[in-house]
Amino acid sequence: MFVSQPEVILDMKQKSNNDLPVYIQDLNSSYGKETKTIMKITWLLMLILEICLYSSYSPLVHICQVDGKIPFSSASLVLFTEIFKLGISVMMYLPEVIEKGIKIPSISFFIPLCVPAILYTGNNNISVHMQQEMDPTTYQVLSNLKIASTAVLYRIIMKRKLSRIKWLSLGLLTLAGVIDSFSGNRNIKLKDSVYEIHVTAKGLLMMFTYCFISGLSGVYTEYIFKQNLKCSIHQQNIFLYIVGIILNGSMWQFNRINAANYFNDESNSLLSGFTVYTWLIVLSQAVNGLIMSVIMKYGSNITRLFIISCAMIMTTVFSILIFNIQLNNLFVCALILVLVALVLYHQSA
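Criteria and thresholds
Residues numbered from 1 in each chain as written. Predicted model: local features only at pLDDT ≥ 70, side-chain atom pairs only at ≥ 80, totals over all residues. Heavy atoms only, no water. Phe/Tyr/Trp six-rings, centres within 6.5 Å; stacked < 30°, edge-to-face > 60°. Helix = DSSP H or I, 4+ residues; strand = E, 2+ residues; numbered from the N terminus. Buried < 20%, exposed > 50% of the residue type's maximum accessible area, 1.4 Å probe, protein only. Lys NZ or Arg CZ within 6 Å of the ring centre and 35° of its normal. Contact = heavy atoms within 4.5 Å. Core = buried A, V, L, I, M, F, W, Y, C linked by side-chain atoms within 4.5 Å. pLDDT = per-residue confidence, 0-100.

K.L.:
So what exactly am I meant to see when it comes to the packing of aromatic side chains here?
P.N.:
Here a ring pair, both rings aromatic, is described through the centre-centre distance and the interplanar angle of the planes. Going through the model one piece at a time under the given rule, you end up with 8 aromatic pairs. Ring geometry for Tyr-57 against Tyr-139: centres 6.4 Å apart, planes inclined by 45°, an arrangement best described as tilted. Here the residue Tyr-57 occupies a position in helix H2 (residues 33-64), and Tyr-139 occupies one in helix H5 (residues 136-142), the gap between them amounting to 82 residues. Across the pair, Tyr-139 and Tyr-57 agree in class, each one buried. Taking 6.2 Å as the distance between ring centres and 35° as the angle between the ring planes, the aromatic pair formed by Phe-84 and Trp-279 counts as tilted. One end of the pair, Phe-84, is in helix H3 (residues 74-100); the other, Trp-279, is in helix H10 (residues 276-298), with 195 residues separating them in the sequence. For Phe-84, a relative accessible area of 32% translates into the label partly exposed. The exposure class assigned to Trp-279 is partly exposed, which follows from its relative accessible area of 32%. Among the aromatic residues, those joined into a ring-pair cluster are Phe-72, Phe-80, Phe-84, Phe-274 and Trp-279. We note Lys-297 situated over the ring of Phe-225; from NZ or CZ to the ring centre the distance is 5.6 Å.

K.L.:
Honestly, the environment of Ala-176 in this entry has me stumped. Any pointers?
P.N.:
With respect to the helices and strands, Ala-176 occurs in helix H7 (residues 164-185). Each C-alpha atom of the pair Ala-176 and Leu-145 lies 9.3 Å from the other, and the pair is 31 residues apart in sequence. What Ala-176 contacts, discounting residues up to four positions off in sequence, is Ala-334, Leu-337 and Val-338.

K.L.:
What exactly am I supposed to notice about the nonpolar core here?
P.N.:
Among the nonpolar cores identified, the biggest contains 79 residues, and Met-207 and Ile-295 are the most heavily contacted of them. Beyond its immediate stretch of four places on either side in the chain, Met-207 contacts Met-130, Met-134, Tyr-139, Leu-142 and Ser-143.

K.L.:
Can you help me understand the confidence of the model for the protein chain in this one?
P.N.:
It should be kept in mind that the predicted coordinates are not to be read in detail where pLDDT is low. Mean pLDDT over the protein chain: 78, with 81% of residues reaching 70 or higher. The model gives residues 22-29 a pLDDT under 50, and that stretch makes 23 contacts with residues more than four places away or in other chains.

Written as structure tokens, this is what we have:
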């Protein structure tokens, strides 16, 4: 699924806005037409898989809830996800090590990677707790606010200018978020496992924080990865995941010590509250993270935003089928605004 990177050179200031990955845009002439076609198909299939994985996260967390509460520690969930990602990255890095040996970069290479590792740790834990404050569909719709934060940070960090149409689309997206928040605050959970659109004030605050950190981490990760384009993506990922394991392991231990006076020994277990669905979240998010790293290195945040947008539709479908979510008029209005904003944004890209 994750091929080794070809030898390509990227001038970040001259890179086109084409959303195809770098390794497809700059294929060496030694690659034949058939090889190029296969790589393009592989890329598209990977994006489709990523959309499915991304959209499944919120419904799966809601399935795991017991009496409206998450039965497991968010730190332990993210910890095991990082462990899975590390294990897969190590296995994929081994053939490269056998062929070329291990090349240990300087300390200046590792330090910048600590920043996204810290940001991802915080955001991954926030995303788990947000599920208690809103339904899956609202979560996915409001997550599109990442587009606004990503666009602004893209302008600041990557020096990419935004057209008037893009700013208009961001305004529509913000308006959709406001309408959806009014819609969600008027609804609550219904009986017999039927849900209506709902979101709390705390959930909105968490969502705004989540979207800002998500935009910052996404843009910064792309910047760091493309500064070292020839470096092995598996080596970069391994360091990211090691830092993530240390941070989430420390967070879980801190929470366990603080909760010692309130929970018994079983509740303090690292696997407390885990079910088959929890492990499904771990596995799906591990693959999700690995694919996203490929997108950050060889694609762009524009591709990432496209995935988020498509996931909104799929999450809505999943929520209707699984939870029998009842959509109200304000939510439908917000959904239409989001779709219009996405069309405007991507057409002007």
